[in-house]
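This is what each chain is made of:
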Amino acid sequence: MRGMLVRRPLSLRQKMVLAMGGLVLVLGLAGTIHARLTLSNISNDELDRRALAISRGLESPATELLLTNDIFGLYLRVNEITATNADVRYVVVFDSSGDVRASSFAAGLPAGLRSSNPVQTSDPYSLTTLESSEGSVRDLAYPIQGGRVGLIRLGLTKKPIESRVDRLTFNLLGLTGLALAGGLAASYFLGTVLTRPLSGLAAAARAAGRGESAPQHELYAHPEVGQVAVAFDNMTRELRERDEERTQLLAKVMTAQEDERRRISRELHDEAGQALTSLLLGLTHLEQSVAEDDARALLAELRVMTTEAMDLTRNLARELRPSVLDDLGLEAAVGRYVADYGKKQRLDTDFHSGGFGVTRLRPETETALYRIAQEALTNVARHAGASSVNVLLERRDGKAVLVVEDDGCGFDVSVVRGSGSPSAKLGLLGMEERASLVGGTLAVESRPGSGTAIFVEVPIDGGADERDAHPDS
Amino acid sequence: MSATRILIADDHAVVRSGLRLILGAEPDFELVGEAATGDEAVREVERLRPDILVLDIAMPGMNGLDAARVIRTAAPEVRIVILTMHDDEAYLKEFLEIGAAGYVLKQAADTELVQAIRAVQRGEPFIYPAMTRQLIDIFLKQSHPAPAPPAADAELSPRETEVVRLVALGYSGQQIADQLSISVSTVETHRAHVMEKLKLHGRAQLVRYALSKGLLDT
Ligand SMILES: Nc1ncnc2c1ncn2[C@@H]1O[C@H](COP(=O)(O)OP(=O)(O)OP(=O)(O)O)[C@@H](O)[C@H]1O
Ligand SMILES: [Mg+2]
């Protein structure tokens, strides 16, 4: 199919699900990032304020202790600060000459700490973030009494803040995930609800294509699809009506054609045939009553010509519509046709019929089956190159069955059927139409190289199909 | 010997006048009447009791076939000679069954009608010679209604028997495949195999085989 090669556009439902998913994801991620930044900013400010408060609290006792050179007192102070503030990583107190007077580090200052956070002379203090083996540390360098007495270095760990931010991020991402799942489900559901009437219409359209349409009443109230459903129903109704009209017209045309053929056939047979008969008889009489040999010879010749004209007339009449079909029925008519056909086409024919008894089929059915057999046999002669044809005509189980089977070249049924050029090939189509007009079905089975068989089945309703053997009068 | 009394039944006046010419020329024939329809023919036969009725098939109202049927029961001693343009075997068969004594084609009326009437009058049946072939066909068909299939009597498997039965009933390959739940090509294989085994050619012979084996009576 051609459609397979083209990339299929997304369905409405797929689009809705995609849009909803994208939206939730973007919103969730942006919110998470924003919250994360805000929280860490706030927390950092708070941390800075705490560092300053602790340092300011230490400033005046440290001044006194430094000036009195009470190293032990200073040590106790430093210890107290680290003991009471869990997030304080270290406290170091320098004197004005830059020597360490008290420190929470047991094993001396870590390398590089001293120079890591210099204070500009214009600033009251300096804050910076240091990376250590234990994670980020907020470092405050706080000059005591403007640096005249010494310097406090205070380190506060940022770990609690970071873990708080991470926890928040985790929670927000979890929420985003939940929202995503909910949003996808909702949009899938919505998409289904929105497209269901359309799917219903599509199914109805497919059914209508097969000729089994039912009105879509339940869709009429639908706000969006209702109008489409109404229009669709109107369309299928019109199509159906038109199809029925076409079928009726076809039936009429076929009946009219058949009537016309019957009329002309009978005219030929009766008027022309009988006139020729009496001409023949008259010539015979004349021949007997004249004495001259010349005249008698001429009359004899005329008689032969008249006989030939009668044969011609009879054949013509029979080809148009055999009176056997009307007088004696389908079985006799098809049998006769097959026999003549075999002789004319030099084909082996085998005709078998059975089950008909004395009751007759309806005239339309008889005509349809006779014409189908004729057309099928014409096709065999024209296309098959067969050496033999079998014709089967049976009545069983309330059905008349006709099978025309040849052993010829066969053909690809789907190709001939599918070739969509309705103008040229009317044989197969016509046979199908005839069968369906009398309520029957026609099947063609053929493969290149293995002959062709035409199967026709026409239902015949019990005794109702019996009719007077002579509809003509 | 008295003249043969003849009644003519044909719906065409031209034909009747032609017949009058021909039959009137025979000294030992006496034309006793004419009829233009089947009903009239029946009435005239009743009234005139002719020896011979020359009867056309295609007539308005009651046609020749029906008229012959009625006359055969009403006046069995009247001998009927059918005069028609139809050379169909089916008509001939029909008339032989009804019990007509002669059957002459109008194409041969000039030479054979008089001959036929004489023969029939003598009590011999007369059938237009060209129809003898058809007559033999009818006879053969009646004496062998199902011409014994040349079948070599081979054993068929139950599956093959079923396929033969359905083929003989006129089912299509697809229908048989559906009924037996097998593929169409399997159906064809079975069928080809059976035809080969039984040395049959064509569906019609298969039907006759199935009939002779009683496969179709259910
Ligand atoms: N018995 C057959 N054996 C082989 N080919 C066949 C047979 N019957 C039909 N066909 C193929 O199917 C085609 C369609 O047949 P169909 O009777 O519809 O058209 P047609 O015979 O070509 O034209 P027309 O409209 O005059 O009948 C034919 O052209 C032929 O190729
Ligand atoms: Mg054709």
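Residues numbered from 1 in each chain as written. Chains lettered and ligands numbered in written order. Predicted model: local features only at pLDDT ≥ 70, side-chain atom pairs only at ≥ 80, totals over all residues. Heavy atoms only, no water.

Student: Just to check I follow, could you spell out the sheet that holds strand β3 (residues 126-132) of chain A for this structure?
Tutor: Paired through backbone hydrogen bonds, the strands of a sheet run either parallel or antiparallel to each other. All names here are of chain A. With antiparallel pairing, five strands are arranged side by side in an open sheet as β2-β1-β5-β4-β3. The strands lining the two open edges of the sheet, one partner per strand, are β2 (100-103) and β3. In this sheet, neighbouring strand axes are inclined to one another by 20 degrees on average, regardless of whether the strands run parallel or antiparallel. Taken together, the seven bridges between β3 and strand β4 (residues 135-144) define a ladder with antiparallel strand orientation. Counterpart to Leu 130 in the pairing with β4 is Val 137. Contacting β1 (88-95), β2, β3, β4 and β5 (150-157), helix α1 (residues 12-67) crosses the sheet at an angle of about 40 degrees to β4. (Pairing = 2+ DSSP bridges. Helix = DSSP H or I, 4+ residues; strand = E, 2+ residues; numbered from the N terminus. Axes fitted to C-alpha atoms, helices over the stretch in contact; angles between N-to-C directions. Contact = heavy atoms within 4.5 Å.)

Student: Even after reading the chapter, I still don't get the site of ligand 1, so can you show me in this structure?
Tutor: All names here are of chain A. Around ligand 1 there are 17 residues in total, and Asn 379, His 383, Asp 406, Leu 426 and Leu 428 lie nearest to it. Within the side chain of Thr 452, an N or O atom sits 3.4 Å from a nitrogen atom of ligand 1. Of all the secondary structure elements, the ones that give two or more residues to the shell around ligand 1 are α8 (363-384) and α10 (427-437). Residue contributions to the shell around ligand 1 peak at six residues, all from α8. (Near = heavy atom within 4 Å. Polar contact = N/O pair within 3.5 Å; in protein donor to acceptor, adjacent residues only side chain to side chain.)

Student: Help me understand the interface of chain A and chain B in this model?
Tutor: It is common to report an interface's size as the accessible area lost on association of the parts. Each partner contributes residues to the interface: chain A has 43 residues there, and chain B has 46 residues. Buried area between chain A and chain B, summed over both chains or domains, comes out near 3,800 Å², and the portion from carbon and sulfur atoms is 55%. Scanning the region where chain A abuts chain B turns up 28 residue pairs in polar contact (both at pLDDT 80 or more). Residue assignment for the side of chain A that touches chain B shows that the elements contributing at least two residues are α4 (226-289), α5 (293-320), α6 (323-327), α7 (330-345), β6 (348-354), β7 (388-396), β8 (399-406) and β10 (452-459) of chain A. Among the elements that line the side of chain A that touches chain B, the one with the most residues is α4 of chain A, at 14 residues. Residues that form the side of chain A that touches chain B fall into these classes: 12 nonpolar, 15 polar and 16 charged. (Buried area = accessible area lost by both parts, 1.4 Å probe. Nonpolar A, V, L, I, M, F, W, Y, C, P; charged D, E, K, R; others polar.)

Student: Help me understand the pairing of strand β3 (residues 52-55) of chain B in this model?
Tutor: All names here are of chain B. Side chains Ile 52 and Val 54 project from β3 onto one buried face, and the interleaved Leu 53 and Leu 55 project onto a second face that is buried too. Pairing analysis gives four bridges linking strand β1 (residues 4-9) to β3, with the strands arranged parallel. In the strand pairing of β3, Ile 6 is matched with Ile 52. Of the strand pairs in this sheet, β3 and strand β4 (residues 79-84) are connected by four bridges, and their pairing is parallel. Bridging across to β4, Leu 55 finds its partner in Ile 82. (Buried < 20%, exposed > 50% of the residue type's maximum accessible area, 1.4 Å probe, protein only.)

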